[in-house]
Amino acid sequence: MLGDEPLRIVSGEGDPFGGTLRGLLRRLGYLPRRQQEARVWVLSPALPKAPQEQPPPESYLIFKGDSAPSASLAARGGVPFLDYGFTRRASLTFSSREEGTAVIALQRPLLTLSGGVIDPMELPVRLSAPLEDDLLLSAAAVLLISEKQEALEALWAGNAALNSLS
């Protein structure tokens, strides 16, 4: 069932990225759970080196495009991936970003976990509280590949539950 995919967030010791991303996704209505065989792997942008463990072949990798350790794992992993960042090469980026609003741009077709395809698009987002760019883009990536429309709509609407994440 979509939205019930095991989620693995890989971050370094003392890196708050994993807990903050998991909390953000829960507040948006996406309730990821941890399991050994995670289908969705999100790599923290602060990872000092690539994890030794390989994602399973049926998994999906999400990472910041300018992270060398993450890119090396994607290159040797042979799994589909979605990179995000602030370059024209990133699959998911901002077409605009201001205080309180953002427009997230999917720049190329995206294969979802169910095997569907999402065409390039822009997703306007209203933020009720400040949110780090990496968290916003990685959360949007998880929601897009999982086809979690309700959670994406909560992100677009400026969900008030995000206030406590600042």
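Above this note sits the structure.
Let me begin by describing the structure that accompanies this report. Because the structure is predicted, anything quoted here is derived from the model rather than measured.

Parameters and conventions
- Residues numbered from 1 in each chain as written.
- Predicted model: local features only at pLDDT ≥ 70, side-chain atom pairs only at ≥ 80, totals over all residues.
- Heavy atoms only, no water.
- Helix = DSSP H or I, 4+ residues; strand = E, 2+ residues; numbered from the N terminus.
- Salt bridge = Lys/Arg side-chain N within 4 Å of Asp/Glu carboxyl O.
- Buried < 20%, exposed > 50% of the residue type's maximum accessible area, 1.4 Å probe, protein only.
- Phe/Tyr/Trp six-rings, centres within 6.5 Å; stacked < 30°, edge-to-face > 60°.
- Lys NZ or Arg CZ within 6 Å of the ring centre and 35° of its normal.
- Core = buried A, V, L, I, M, F, W, Y, C linked by side-chain atoms within 4.5 Å.
- Contact = heavy atoms within 4.5 Å.
- Polar contact = N/O pair within 3.5 Å; in protein donor to acceptor, adjacent residues only side chain to side chain.

### Points about the overall build of the protein chain
Each helix and strand counted, the protein chain has four helices and nine strands in total. Mapped from its N terminus to its C terminus, the protein chain presents α and β elements in the order β-α-β-β-α-β-β-β-β-β-β-α-α.

### Comments concerning the pattern of salt bridges
Applying the stated criterion to the full structure yields three salt bridges. A salt bridge links Arg 8 to Glu 53; the shortest N-O distance between them is 2.8 Å. In this pair, Arg 8 is assigned in strand β1 (residues 7–10) and Glu 53 in the loop between β2 (40–43) and β3 (60–64), connecting sequence segments 45 residues apart. In this structure Arg 8 comes out as partly exposed when scored by relative accessible area, which is 26%. Note that Lys 64 is salt-bridged to Asp 134, the shortest N-O span being 3.3 Å. With Lys 64 in strand β3 and Asp 134 in helix α3 (residues 133–145), this pair connects stretches of sequence that are 70 residues apart.

### Overview of unusual backbone geometry
Of note, Glu 147 is a non-glycine position whose phi angle comes to about 55°, a positive value. Turning to its location among the elements, Glu 147 is positioned in the loop between α3 and α4 (149–156).

### Some details on the packing of aromatic side chains
Scanning all chains against the criterion turns up two aromatic pairs. On the numbers, 5.4 Å between centres and 40° between planes, the contact of Phe 63 with Phe 81 is tilted. On the criterion of sequence distance, the pair formed by Phe 63 in strand β3 and Phe 81 in strand β4 (residues 81–84) is long-range, its members being 18 residues apart. Among the residues examined, Phe 81 registers a relative accessible area of 41% and is labelled partly exposed. Centroid distance Phe 86 to Phe 94: 6.1 Å. Interplanar angle 10°. Geometry classified as stacked. Overall, the relative accessible area of 44% leaves Phe 86 in the partly exposed class. Between Arg 8 and the ring centre of Trp 41, over which it is positioned, the NZ or CZ distance is 4.6 Å.

### Comments concerning the nonpolar core
Val 42, Leu 92, Ile 104 and Leu 136 are the most contacted members of the largest nonpolar core, which has 40 residues in total. If you tally residues by element for this core, the top one is α3, at 10 residues. Excluding anything up to four places from it in sequence, Ile 104 contacts Leu 92, Thr 93, Phe 94, Met 121, Glu 122, Leu 123, Val 125, Leu 136, Leu 137 and Ala 140. With 10 residues, the next largest nonpolar core counts Val 10, Leu 47, Phe 63 and Leu 73 among its residues.

### Some details on helix α1 (residues 17–27)
Buried within α1 we find Phe 17, Gly 18, Leu 21, Arg 22, Gly 23, Leu 24 and Leu 25. Residues of α1 that are buried make contact with β1, β2, β4 and α3. Phi for Gly 29, located one or two positions after α1, is positive at around 100°.

### Some thoughts on the side chain of Ser 138
Tracing the chain through its elements places Ser 138 in helix α3. At a separation of 2.8 Å, a polar atom in the side chain of Ser 138 contacts the main-chain carbonyl oxygen of Asp 134. Aside from chain neighbours lying at most four places away, what touches Ser 138 is Phe 17, Leu 21, Val 42 and Tyr 84.

### Regarding the side chain of Asp 134
Residue classification places Asp 134 among the buried residues on the basis of a relative accessible area of 14%. A distance of 3.3 Å separates a polar atom in the side chain of Asp 134 from a polar atom in the side chain of Lys 64. Non-local contacts of Asp 134, meaning those with residues more than four positions away in its chain, are made with Phe 17, Pro 45, Lys 64, Tyr 84 and Phe 86.

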